[in-house]
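The lines below spell out each chain.
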Amino acid sequence: MDILVTILLLVLLLNAVMVVCIRNLFSCVLIFMAQSLVMVLLWILLQAPDLAITEAAVGAGVSSLLFFLALRRIHALDAEKGAPANKKGGLRHG
Amino acid sequence: MADLRRLFSLNSNDSSLDEALKRDLEEDQHPEDSPLSAREVSMHASAIRREEASMQRREEKAWVLSRRAYQVLSVLTALIIISVLLLNILDLPLFGEADNPTNNEVSARYLEYGLEEGGAVNLVADVILDYRAFDTLGESNVLFAAACTVILLLRRFSDAEQVHGMPEPLLLEEAPSDPLLMAAARLLVPVLLLFGCCIILNGHLGPGGGFAGGAVLGSGLILYLNAFGDQRASRVLTFRSFRILSASALMFYALSKAFSFFCGANGIPLDLPLGTPGSILSAGLILPLNMAVGLVVCCTVYAFFTLFRKGEI
């Protein structure tokens, strides 16, 4: 079990760093969801099932939904201003 | 003779530089000086321009250097903070040892008498909705306040243009209804809603409770909204029903817990029917409070989504 916890913690660190360094915003939101999933596994391993089920519902569910909605709003605004078609593979930071 | 130092202090674009130079030369003209030819004027102007170009290049190099220094310094600062925090975490006691500071008389009391005083098999629900119900009331209030703020800032009224003269805000175009999404939603939405209700109702028997169940309920409603469009979704939950639901749920929570606090503070024995632990109708007030919290969370989550999406519920 310790090995699993160690691996999950390392994945958590990696996710946190990748969210900052990756330029594609869509990928960033997906990494945020993955971070929430890793937290769910960690809560289960720390014997806190209430926290795990709440984190699954809120983090990987509602919070990520709101992020995707925000991304979609930026998309829509950019499309109306006639931004150049650099939408291959999603958004890029400016 | 023209004073070149005065010319350097001009904020120049190149065309005005020539005229300024010429004007300056004509003003400063003394009778004993020989008049300058046009060629010498242009030579001075190009010298000034070359000076400015080299200054600009030096500025750009300094800019690039400072950006690089900023990046290196920020990574270094982050590494220092990370190492300080990690070194401090090494001093914390290990997980689950018997002499941890969290194993004190408070948690011993909760563990020993939690079942007979609260009636809930899930001791976590006991703690957050019976022993520490005041904190949960604060959390529900925070959710409610957040929903009120979002409504204040984002809600769009249909007659805003005539009343206030505000331009109509940008609305997301309605996505065409996707048959794949609709087919999947027909299967998933009932399961999600049922699962959410199950989590709420079993909050005192197993893991879950009001917050998780409310979030799952809200997710189910959001999926319904996304799959079937605004018209059908607004028949499920209108703004009026949202207001009534969340306000009355929060009020019910506050009043029932206020009654408990009042009885406890004045020494009046509060004999709630605790039931047999393990059945659904047990644990006194915990089940109704779970339902109230679940309703507040569900309405808040749904309200956030629809307000961000289209400005009204």
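Residues numbered from 1 in each chain as written. Chains lettered and ligands numbered in written order. Predicted model: local features only at pLDDT ≥ 70, side-chain atom pairs only at ≥ 80, totals over all residues. Heavy atoms only, no water.

*Asks:* If you had to explain the overall build of chain B to someone new, which residues and values would you point to?
*Replies:* Looking only at helices and strands, one finds 11 helices and zero strands in chain B. When the helices and strands of chain B are read in sequence order from the N terminus, they spell out α-α-α-α-α-α-α-α-α-α-α. Counting over 313 residues, chain B shows a buried share of 32%. Pairs at least 24 residues apart make up 67% of the contacts formed inside chain B by residues separated by at least 6 positions. (Helix = DSSP H or I, 4+ residues; strand = E, 2+ residues; numbered from the N terminus. Buried < 20%, exposed > 50% of the residue type's maximum accessible area, 1.4 Å probe, protein only. Contact = heavy atoms within 4.5 Å.)

*Asks:* Quick rundown of the interface of chain B and chain A? Include the residues and the values.
*Replies:* Every contact between the two is made by 21 residues of chain B and, on the other side, 17 residues of chain A. Between chain B and chain A, the buried area comes to about 1,800 Å², and carbon and sulfur atoms account for 70% of it. Summed over the shared surface of chain B and chain A, the number is zero salt bridges. At the surface where chain B touches chain A, the tally comes to four residue pairs in polar contact (both at pLDDT 80 or more). Broken down by secondary-structure element, the contributors of at least two residues to the side of chain B that touches chain A are helix 9 (210-236) and helix 11 (286-310) of chain B. Among the elements that take part in the side of chain B that touches chain A, helix 9 of chain B stands out by supplying six residues, more than any other. (Buried area = accessible area lost by both parts, 1.4 Å probe. Salt bridge = Lys/Arg side-chain N within 4 Å of Asp/Glu carboxyl O. Polar contact = N/O pair within 3.5 Å; in protein donor to acceptor, adjacent residues only side chain to side chain.)

*Asks:* Give a description of the pattern of salt bridges that names residues and reports values.
*Replies:* Any two side chains of opposite charge can pair, on the condition that their charged atoms come close. All names here are of chain B. Applying the stated criterion to the full structure yields three salt bridges over all chains. The partner of Arg109 in a salt bridge is Glu117, with the nearest N and O atoms 2.5 Å apart. Its relative accessible area of 34% is what places Glu117 among the partly exposed residues.

*Asks:* Outline helix 5 (residues 123-131) of chain B, listing residues and values.
*Replies:* All names here are of chain B. Of all the positions in helix 5, only Ala125, Asp126 and Leu129 are classed as buried. In an axial view of helix 5, the angular spread of the buried residues amounts to 105°, which keeps them on one side of the axis. Packed against the buried residues of helix 5 are helix 4 (105-118), helix 6 (133-154), helix 10 (239-265) and helix 11. (Arc of directions from axis to C-beta.)

*Asks:* Explain unusual backbone geometry residue by residue, including any values.
*Replies:* All names here are of chain A. Of note, Gln47 is a non-glycine position whose phi angle comes to about 65°, a positive value. Within the element layout of this structure, Gln47 appears in the loop between helix 2 (25-45) and helix 3 (49-80). When its relative accessible area of 63% is taken as the criterion, Gln47 is described as exposed.

*Asks:* Tell me about the side chain of A:Ser64, and name the residues and values.
*Replies:* All names here are of chain A. One can find Ser64 in helix 3. Residue class for Ser64 comes out buried when judged on its relative accessible area of 1%. Looking at Ser64, its side chain comes within polar contact range of the main-chain oxygen of Gly59, at 2.9 Å. When near neighbours in sequence (up to four residues on either side) are disregarded, Ser64 contacts Val29, Phe32, Met33 and Gly59.

*Asks:* Talk me through the nonpolar core; I want residue IDs and the actual numbers.
*Replies:* Nonpolar side chains tend to gather and get buried jointly when the protein is soluble and globular. One finds B:Ala185, B:Phe228, B:Phe242, B:Tyr253, B:Ile286, B:Tyr302 and B:Ile313 to be the most contacted residues of the largest nonpolar core, which totals 51 residues. At the level of elements, helix 3 of chain A together with helix 5, helix 6, helix 8 (179-201), helix 9, helix 10 and helix 11 of chain B are the ones that each hand at least two residues to this core. With 14 residues, the top contributor of residues to this core is helix 11 of chain B. The contact partners of B:Ile286, leaving out residues within four places of it in the chain, are B:Gly118, B:Ala120, B:Ala125, B:Asp126, B:Leu129, B:Asp130 and B:His204. Counting residues in each nonpolar core, the second largest holds five residues, with A:Leu8, A:Leu12, A:Val38 and A:Leu42 among its members. (Core = buried A, V, L, I, M, F, W, Y, C linked by side-chain atoms within 4.5 Å.)

*Asks:* Give a description of the state of the cysteines that names residues and reports values.
*Replies:* Under the criterion given, the structure shown has zero disulfides over all chains. Looking at A:Cys28, it has no disulfide partner, and the nearest cysteine sulfur is the one in A:Cys21, 9.2 Å off. Assessed through its relative accessible area of 9%, A:Cys28 is described here as buried. B:Cys298 provides the cysteine sulfur closest to B:Cys299, a residue in no disulfide bond, and the two sulfurs are 5.2 Å apart. (Disulfide = S-S within 2.5 Å.)

*Asks:* Before we move on, can you summarise the confidence of the model for chain A with the specific residues and values?
*Replies:* All names here are of chain A. In this model, chain A carries a mean pLDDT of 82, and residues with pLDDT of at least 70 account for 80%. At the level of individual helices and strands, chain A shows its lowest average pLDDT in helix 3, which scores 82, and its highest in helix 2, which scores 93. Under a pLDDT of 50 for its full length, residues 79-94 has, in the predicted model, 16 contacts with residues more than four places off or in other chains. (pLDDT = per-residue confidence, 0-100.)

*Asks:* Pulling in residues and values, what's your account of the packing of aromatic side chains?
*Replies:* Residue and element names in this part refer to chain A. Taken as a whole, this structure holds six aromatic pairs over all chains when the rule is applied. Relative to Phe68, the ring of Phe26 lies with its centre 5.6 Å away and its plane at 50°, an arrangement referred to as tilted. Placement of Phe26 in helix 2 and of Phe68 in helix 3 is noted, with a sequence separation of 42 residues between them. For Phe68, a relative accessible area of 24% translates into the label partly exposed. (Phe/Tyr/Trp six-rings, centres within 6.5 Å; stacked < 30°, edge-to-face > 60°.)

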